[in-house]
Amino acid sequence: MDSNYDVIVVGAGHAGCEAAAAAANMGAKTLLVTMNLQTIAQMSCNPAMGGIAKGQIVREIDALGGYSGIVSDKTAIQFKMLNQSKGPAMWSPRVQSDRMRFAELWRLMLEQTENLDFYQDMVTSLLYHGDRITGVRTSLGLDFNARAVVLTNGTFLNGLIHIGEKQFGGGRAGERAATGITEVLVDLGFDTGRMKTGTPPRVDGRSLDFSKMIEQPGDDDPQKFSYSDQTNPLTEQRSCHMSYTSQVVHDLLREGFDRSPMFNGAIKSTGPRYCPSIEDKIHRFADKERHQLFVEPEGWNTIEYYINGFSTSLPEEVQLKALKACAGFEHVKMFRPGYAIEYDYFPPTQLKHSLETKIISGLFFAGQINGTTGYEEAGAQGLMAGINAAMFCREQEPVILRRDQAYIGVLIDDLITKGTEEPYRMFTSRAEFRTLLRQDNADYRLTPLGFDLGIADSGRMARMEEKYSKSEAFIDFFKNTSVAPEHINPILSRHESSLASQSDKLFKFFSRPNISMQDMLGLDAVSAHVAENQLDREVLEQVEIQVKYSGYIEKEKNNAAKLTKLEGIRIPENFDYSRLKSLSYEAREKLSQIQPRTISQASRISGVSPNDISVLLVFMGR
């Protein structure tokens, strides 16, 4: 066997897959080592990609040349653009995925990637010389040498699974935990901690009564994630369904609290704040009469369903009894119970912005090892770690995305500068430049960089340039073309907008908030321009956003500049944060606990978003 590589990636979850693909596509001789080649890119939790802020991340990964967007599109069973009732900065794409096809396609794409080798074994130790990584050692005693190593161990580092009072080692149900790496890193001087996550039961769809649930169909006109021409929007979709818990369900769940590892002390680590277990929800929010349950199909043809919202580590008989009290679940058959899992992580303040560790040169961390949660956050870190591992091998400067350049930049900067004591999840509110970081323009922002790095091909670059030139030309058309009152007034009248008394530029009328692109297409001059230049949906959407929100974008840039200047403002001693109702609940909790002395210090606290800092500044008259 060949034992010498440029980059070795340990772990083949979402972070590991993106890291291996990026390094290999940049020309680095890469080895992907995983404990089981049959579970590459396994969707360990819910069968979905994207969502609030996460969808923006998937589009950014795709714009840079990563694989997540393509795989998501090709294995999707439903597409939704979330938050469309809000402004475009909040729009977030999400797909329901076919779990088995998703993992299969990831493996097939990796197998077709040049410069990438695979090996199945557990990495139990790291090889290093002084403060520099030199490779890895497996459980079979094999040494593989490398100039850079990327650790993407997910929940496998000393993983411990909990179901009621039962505990057993594992990184995922049915898979053993990974041992050895944590101990080596601790010996090298790394700080470590434990985190917890969980998953709900999976059930037999044939045993459910969907007539008692609320259907959740996909979009009537679905879009897609990838900016490439390798994928197409869905023409057929599968629906999800929604049910609810009740006080009866909550009472049944409480009967098992004495045997719950959440409450009997068996679980000592911190779980995800924004994806709590069902027992945690009914304990923390005792005033809530019910909680939503999303019943999600696992694929096109399987009868297995994922019960989103019912994550739990209660005894299996308690899980089943409570499920049967939910509407539509009266005769439910459970395939496998939910469980909680504890695992080792390493506080990310021990990393550089490149995701290289500060202690060991050439060693990179990505994914849940850094305290994050979610496939999308993991994939983004993996992509950047893979890129920077390849750059390290080239002895070139690392690639660092700025906070105003990408959600990926926000994610990594938050981790490095603030750290996290609970599983970190991305939200739009974490990004102070979110009007700039929309899901529709990720290709504008990042494809030129991906092309320069060699991971986004020339076809992607050409598509982006064509989209950009057509969009700019269409915007100029609106700015330079006048329309007579008799042509525009019927549209204005229909929307009860003030009528035009004289001819004026199309841009002026289109800028009105209640006038849409669809309205503009009713004008002969506009529809002729669209037809003549063969403008597609992406261009029309881009132009509408640029025309309508240009003022907001400029205002956001100015506000960001002011915020940067005022970061050092002092906060009064023993300030009562409960007075500021506009602060998020998490921010009030964290700020009251830590009592930062300055705005700058407050901004670095995990869970305090840029929006929260703005609230503080407004209160202080700044």
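Preceding this paragraph is the structure being described.
Basis of the calculations
- Residues numbered from 1 in each chain as written.
- Predicted model: local features only at pLDDT ≥ 70, side-chain atom pairs only at ≥ 80, totals over all residues.
- Heavy atoms only, no water.
- Helix = DSSP H or I, 4+ residues; strand = E, 2+ residues; numbered from the N terminus.
- Rg over C-alpha atoms; globule rule 2.2 N^0.38 Å.
- Buried < 20%, exposed > 50% of the residue type's maximum accessible area, 1.4 Å probe, protein only.
- Contact = heavy atoms within 4.5 Å.
- Areas by Shrake-Rupley, 256 points an atom, 1.4 Å probe, with all protein chains shown as cover.
- Lys, Arg positive; Asp, Glu negative; His and termini not counted.
- Charge placed at Lys NZ, Arg CZ, Asp CG, Glu CD.
- Axes fitted to C-alpha atoms, helices over the stretch in contact; angles between N-to-C directions.
- Left-handed = near helix turned anticlockwise from the far one by under 90°.
- Nonpolar A, V, L, I, M, F, W, Y, C, P; charged D, E, K, R; others polar.
- Pairing = 2+ DSSP bridges.
- Salt bridge = Lys/Arg side-chain N within 4 Å of Asp/Glu carboxyl O.
- Parallel < 35°, antiparallel > 145°, perpendicular 65-115°, else oblique.
- Core = buried A, V, L, I, M, F, W, Y, C linked by side-chain atoms within 4.5 Å.
- Expected span 1.5 Å × (residues − 1).
- Polar contact = N/O pair within 3.5 Å; in protein donor to acceptor, adjacent residues only side chain to side chain.

S.K.: When you look at the overall build of the protein in this model, what are you seeing that I'm missing?
M.R.: The helix and strand tally for the protein stands at 20 helices and 22 strands. Whereas a compact globule of 622 residues would reach a radius of gyration of roughly 25 Å, the protein reaches 25 Å, a difference of no more than 12%. Each principal axis of the C-alpha distribution contributes one length, and for the protein these read about 80 × 60 × 60 Å. Expressed as a percentage of its 622 residues, the buried residues of the protein come to 59%. A separation of at least 24 residues holds for 73% of the contacts in the protein among residues at least 6 apart in sequence. Per element, the accessible surface of the protein, about 25500 Å² overall, is 48% carbon and sulfur. Taking the 69 positively charged and 79 negatively charged side chains of the protein as two groups, their mean positions are separated by 4 Å.

S.K.: What's the story with the packing of helix H11 (residues 442-453) against helix H12 (residues 458-480) in this structure? I'm lost.
M.R.: The packing of two helices is summarised by the inter-axis angle and the distance between the axes. Packing of H11 against H12 brings their axes to within 10 Å, and their N-to-C directions diverge by 145 degrees. Handedness of the crossing formed by H11 with H12: left-handed. Residues Asp 443, Tyr 444, Thr 447, Pro 448 and Phe 451 of H11 touch H12, and the partners they reach there are Ser 458, Arg 460, Met 461, Met 464, Lys 467, Tyr 468 and Ser 471. Split by residue class, the contact of H11 with H12 holds six nonpolar, three polar and three charged.

S.K.: Even after reading the chapter, I still don't get the sheet that holds strand S5 (residues 92-97), so can you show me in this structure?
M.R.: To summarise the sheet geometry, strands pair through backbone hydrogen bonds and adopt either a parallel or an antiparallel arrangement. Here three strands make up an open sheet; going across it, the order is S3-S5-S4 and the pairing antiparallel. Only two strands of the sheet have a single partner each, and these edge strands are strand S3 (48-50) and strand S4 (76-82). Averaged over all pairs of adjacent strands, the angle between their axes in this sheet comes to 15 degrees, without regard to strand direction. In the sheet, S3 pairs with S5 via three bridges, with the strands oriented antiparallel.

S.K.: So what exactly am I meant to see when it comes to the pattern of salt bridges here?
M.R.: As a working rule, side chains carrying opposite charge can pair if their charged atoms are close by. Counted according to the given criterion, the structure contains 38 salt bridges. Glu 330 is paired through a salt bridge with Lys 212; the nearest N and O atoms lie 3.4 Å apart. Here Lys 212 lies in the loop between strand S13 (202-204) and strand S14 (214-216) and Glu 330 lies in the loop between helix H8 (316-323) and strand S18 (334-336), a separation of 118 residues in the sequence. Note that Arg 537 and Asp 221 form a salt bridge whose closest N and O atoms lie 2.9 Å from each other. With a gap of 316 residues between them, Arg 537 in helix H17 (residues 537-565) and Asp 221 in the loop between S14 and strand S15 (240-244) connect regions that are remote in the sequence. Arg 537 sits in the partly exposed class, given a relative accessible area of 38%. The network of salt bridges with shared partners includes Arg 273, Glu 422, Glu 586, Glu 589 and Lys 590.

S.K.: Please explain the packing of helix H2 (residues 54-64) against helix H9 (residues 375-393) as it appears in this structure.
M.R.: At their nearest, the axes of H2 and H9 sit 9 Å apart, and the two run at 25 degrees to each other. Classified by the angle between their axes, H2 and H9 sit roughly parallel to one another. When you trace H2 past H9, the crossing you get is left-handed. Counting all contacts with H2, which are made through Lys 54, Ile 57, Val 58, Ile 61 and Leu 64, the residues of H9 involved are Glu 376, Glu 377, Gly 379, Ala 380, Leu 383 and Met 384. Looking at the contact of H2 with H9, its residues break down into seven nonpolar, one polar and three charged.

S.K.: What is the right way to read the pairing of strand S8 (residues 132-138) from this model?
M.R.: Regular strands show a simple pattern: their side chains alternate between the two faces of the sheet. Two elements, strand S7 (residues 123-129) and S8, share six bridges in a ladder whose sense is antiparallel. Counted as the bridge partner of Val 123 is Thr 138 from S8. A loop of two residues connects S7 with S8, the two strands running antiparallel in sequence, and Gly 130 in this loop sits at a positive phi of about 65 degrees. Here S8 pairs with strand S9 (residues 143-151) via three bridges, running antiparallel. Among the inter-strand pairings, Val 136 is bridged to a residue of S9, identified as Phe 144.

S.K.: I would appreciate a short explanation of the environment of Gly 189 in the present structure.
M.R.: In this fold, Gly 189 is placed in the loop between helix H5 (181-187) and strand S12 (193-199). Residue Gly 189 is classed as partly exposed on the basis of its relative accessible area of 45%. Spatially, the C-alpha atoms of Gly 189 and Gly 309 are 38 Å apart, while their sequence positions differ by 120 residues.

S.K.: I'm lost on the nonpolar core in this one. Help?
M.R.: Soluble globular proteins tend to bury their nonpolar side chains together. If you look at the biggest cluster of nonpolar residues, it comprises 110 residues, and the most contacted ones within it are Ile 8, Leu 151, Leu 185, Leu 363, Ile 387 and Ile 408. If you tally residues by element for this core, the top one is H9, at twelve residues. Those residues within four positions of Ile 8 in sequence are excluded, and the remaining contacts are Leu 31, Val 33, Val 136, Phe 144, Asn 145, Ala 146, Ala 148, Val 149 and Val 150. Counting 24 residues, the second largest nonpolar core, distinct from the first, contains Phe 474, Phe 507, Ile 515 and Met 517.

S.K.: Could you clarify how one ought to interpret H9 in this entry?
M.R.: Taking 1.5 Å per residue, 19 residues should reach 27 Å; H9 reaches 27 Å between its end C-alpha atoms and fits that length. Burial analysis of H9 places 19 of its 19 residues in the buried class, which makes it a mostly covered element. Positive backbone phi, approximately 60 degrees, marks Glu 395, located one or two places after H9.

S.K.: For this particular structure, what's the right way to read the environment of Thr 420?
M.R.: Mapped onto the elements of the fold, Thr 420 is located in the loop between helix H10 (407-418) and H11. Taking relative accessible area as the criterion, Thr 420 reaches 5% and is therefore assigned buried. In the structure, Thr 420 is positioned 72 residues away from Pro 348 in sequence and 7.4 Å away in space, judged by C-alpha atoms. Not counting the four nearest positions on each side in its chain, Thr 420 is found in contact with Met 195, Tyr 345, Pro 348, Asn 370, Gly 371, Leu 415 and Ser 606.

S.K.: Sorry if this is basic, but what is going on with the sheet that holds strand S17 (residues 304-308) here?
M.R.: The six strands are arranged S14-S15-S16-S17-S13-S18 in an open sheet whose pairing can be described as antiparallel. One side of each edge strand has no neighbouring strand; the edge strands of this open sheet are S14 and S18. Across the sheet, the mean angle from the axis of one strand to that of its neighbour is 35 degrees, orientation sign disregarded. When S15 meets strand S16 (residues 292-297), the two strands line up antiparallel, connected through four bridges. Each residue of the ladder has a partner; that of Tyr 244, found in S16, is Gln 292.

S.K.: How should the side chain of Arg 273 be read in this particular structure?
M.R.: Along the chain, the position of Arg 273 falls in the loop between helix H6 (247-254) and helix H7 (278-284). Given the relative accessible area of 16%, Arg 273 is considered buried. Side chain to side chain, Arg 273 and Glu 422 meet in a polar contact 3.0 Å long. Apart from residues lying up to four places away in sequence, Arg 273 is in contact with Arg 284, Glu 422, Tyr 585, Glu 586, Glu 589 and Lys 590.

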